[in-house]
Amino acid sequence: MANDTNKKDSFVLTGVKPTGIPHIGNYIGAIKPMIESANSNDFAGSFVFIADYHALNGLKDAKLLNEYTINIASIYMALGLDTNKSFFYRQSDIPEVFELSTILNAFTAKGLMNRAHAYKAAFEQNNSDEGINMGLYTYPILMAADIVLFGVGKKVFVPVGKDQVQHIEIARDIVVNFNQTYKQEIFKHPEALIQKDGEVLVGTDGRKMSKSYGNVIPIFGTEKEIKSAVMGIKTDSRQPSEPKPDYKDISIYQLYTNFASETEISEMADGFKNGKLGYGDAKKLLLEAITKYFKPYQEKYLYYKNTEAGKKELFDKLENGSQSVRKIAKSNLNQLRKIIGIN
Ligand code: ADP
Ligand code: TRP
């Protein structure tokens, strides 16, 4: 775990794949903590980027990829990512990432890729490589490049969920091999900042909220979309007047705890416990809370996503971010080229 002294001398970096329309589960589990750590003054620098080439592995619809990229960038801007404190950029705008990825290929054992989760999971689906592209197979190498491009003589902390920890370990293995080969500590070892077990938000069907299950409540959907998602939350058939001492297991309540005030939350708990609140009314309260929570950000989101002026501002910000980042990237890559004998 990072202590404050080494944090001050380190970077924090994180990437997000533009593969869909983010939902309130992504918000609570990833976007909110990411913006908080990026905006904090705990680190010497903070990097937040859109991992568009990572998305390409699974998304071959040009229009959608572009839309998702604009959408996620608009969400980060609207929800308060401070671009004065953070470098905010697109992976595809940093050619040095891809050159480093090529370098790192030469330091990555093939067996390491065979053991990577994303590949293994895809392989195990039909016990075959069919349908698996090399982008997915070498995914952890590109991810290592994203991170350690800024890890030349500098520690990089990567806030991630548990599912991504293995990727950081792979990045570390790759740079250990690199450092050993040239007998110097060129790269500092990257380190995962594992988010403590956050709330896993349940979806409208009671399973984990996930775009793959189609059970999501979008962050910035239209009023109609959000309403129909919330009102469609599955419940059991108990009558409103029936006391529900198990209120903590009711998904409406669980979702509510993330968006309502303390008082509102205890009112809902009391209502369920005492048989004074039915599911229909509870859903209305939840809808109100979610709408109220995101309302202050909605206008900004629509401005970035839908207006010409907003989009221009968005791309200018991303462009500025990439220019600043490329200065560090180029300087680090030049050092690396010398070390490997390509200069
Ligand atoms: P999805 O399951 O919708 O495809 P991703 O796998 O793209 O979501 O997850 C992106 C990030 O959002 C991850 O860091 C993940 O931990 C977080 N996340 C996804 N779903 C939830 C959820 N239901 N509750 C909390 N966090 C979530
Ligand atoms: N693999 C991450 C995910 O699926 C996205 C990602 C790409 C990333 N490069 C990264 C995250 C570098 C952190 C650091 O969510």
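Residues numbered from 1 in each chain as written. Chains lettered and ligands numbered in written order. Predicted model: local features only at pLDDT ≥ 70, side-chain atom pairs only at ≥ 80, totals over all residues. Heavy atoms only, no water.

Peer 1: Could you give an account of the packing of helix 13 (residues 262–273) against helix 14 (residues 279–306), naming the residues involved and the relevant values?
Peer 2: Any two packed helices are characterised by how steeply their axes cross, that is the angle between the axes, and by the distance between the axes. As a packed pair, helix 13 and helix 14 sit with axes 11 Å apart at the nearest point and diverge in direction by 170°. Judged by the angle between their axes, helix 13 and helix 14 are roughly antiparallel. Counted together, E264, M268 and F272 of helix 13 and Y279, A282, L285 and K292 of helix 14 form the full contact between these two elements. Among the residues forming the contact of helix 13 with helix 14, the class breakdown is five nonpolar, no polar and two charged. (Axes fitted to C-alpha atoms, helices over the stretch in contact; angles between N-to-C directions. Helix = DSSP H or I, 4+ residues; strand = E, 2+ residues; numbered from the N terminus. Parallel < 35°, antiparallel > 145°, perpendicular 65-115°, else oblique. Contact = heavy atoms within 4.5 Å. Nonpolar A, V, L, I, M, F, W, Y, C, P; charged D, E, K, R; others polar.)

Peer 1: Tell me what's going on with the packing of aromatic side chains, and back it up with residues and numbers.
Peer 2: The tally for this structure, following the rule as stated, stands at 24 aromatic pairs. Centroid distance Y247 to Y253: 5.0 Å. Interplanar angle 90°. Geometry classified as edge-to-face. Classification of Y247 by relative accessible area gives buried; the value is 12%. Across from the ring centre of Y213, 4.0 Å away, lies the NZ or CZ of R207, which sits over that ring. (Phe/Tyr/Trp six-rings, centres within 6.5 Å; stacked < 30°, edge-to-face > 60°. Buried < 20%, exposed > 50% of the residue type's maximum accessible area, 1.4 Å probe, protein only. Lys NZ or Arg CZ within 6 Å of the ring centre and 35° of its normal.)

Peer 1: Which residues make up the site of ligand 2, and what values do they have?
Peer 2: Close contacts around ligand 2 come from 13 residues, with K17, Y139, M143, D146 and Q164 the closest. In the model, a nitrogen atom of ligand 2 is placed 2.6 Å from a nitrogen or oxygen of the Y139 side chain. The contact in question runs from a nitrogen atom of ligand 2 to an N or O atom on the side chain of D146, over 2.7 Å. When ligand 2 sits alone it has 370 Å² of accessible area, and the protein chains cover 89% of it. When contributions to the shell around ligand 2 are tallied by element, the ones reaching two or more residues are strand 1 (11–16) and helix 9 (139–148). The biggest single contributor to the shell around ligand 2 is helix 9, with four residues. (Near = heavy atom within 4 Å. Polar contact = N/O pair within 3.5 Å; in protein donor to acceptor, adjacent residues only side chain to side chain. Areas by Shrake-Rupley, 256 points an atom, 1.4 Å probe, with all protein chains shown as cover.)

Peer 1: A description of the environment of L149 should follow, citing residues and the corresponding values.
Peer 2: If you trace the backbone, L149 turns up in the loop between helix 9 and strand 4 (156–160). Classification of L149 by relative accessible area gives buried; the value is 0%. With near-sequence residues (within four places) excluded, L149 lies in contact with I94, E96, V97, L100, A144, A329 and N332.

Peer 1: Lay out the nonpolar core with the relevant residues and their values.
Peer 2: One finds I24, Y76 and I217 to be the most contacted residues of the largest nonpolar core, which totals 54 residues. Where this core is concerned, the elements lending two or more residues are helix 2 (24–39), strand 2 (45–50), helix 4 (62–78), helix 11 (223–231), helix 12 (251–256), helix 13, helix 14 and helix 15 (308–340). Top element by residues in this core is helix 14. It accounts for nine residues. Core analysis: the second largest hydrophobic core is formed by 46 residues, F11, F49, L142 and L333 among them. (Core = buried A, V, L, I, M, F, W, Y, C linked by side-chain atoms within 4.5 Å.)

Peer 1: Provide a residue-level description of the pattern of salt bridges, including the pertinent values.
Peer 2: Two side chains that carry opposite charge are able to pair once their charged atoms sit near each other. Applying the stated rule across the entire model yields 14 salt bridges. With a closest N to O distance of 3.1 Å, R238 and D246 form a salt bridge. According to the relative accessible area criterion, R238 is partly exposed, its value standing at 21%. For K312, the salt bridge is made with D316, and the minimal N-O distance between the two is 2.8 Å. Pair noted here: K312 and D316 are both in helix 15, with a separation of four residues, about one helical turn. (Salt bridge = Lys/Arg side-chain N within 4 Å of Asp/Glu carboxyl O.)

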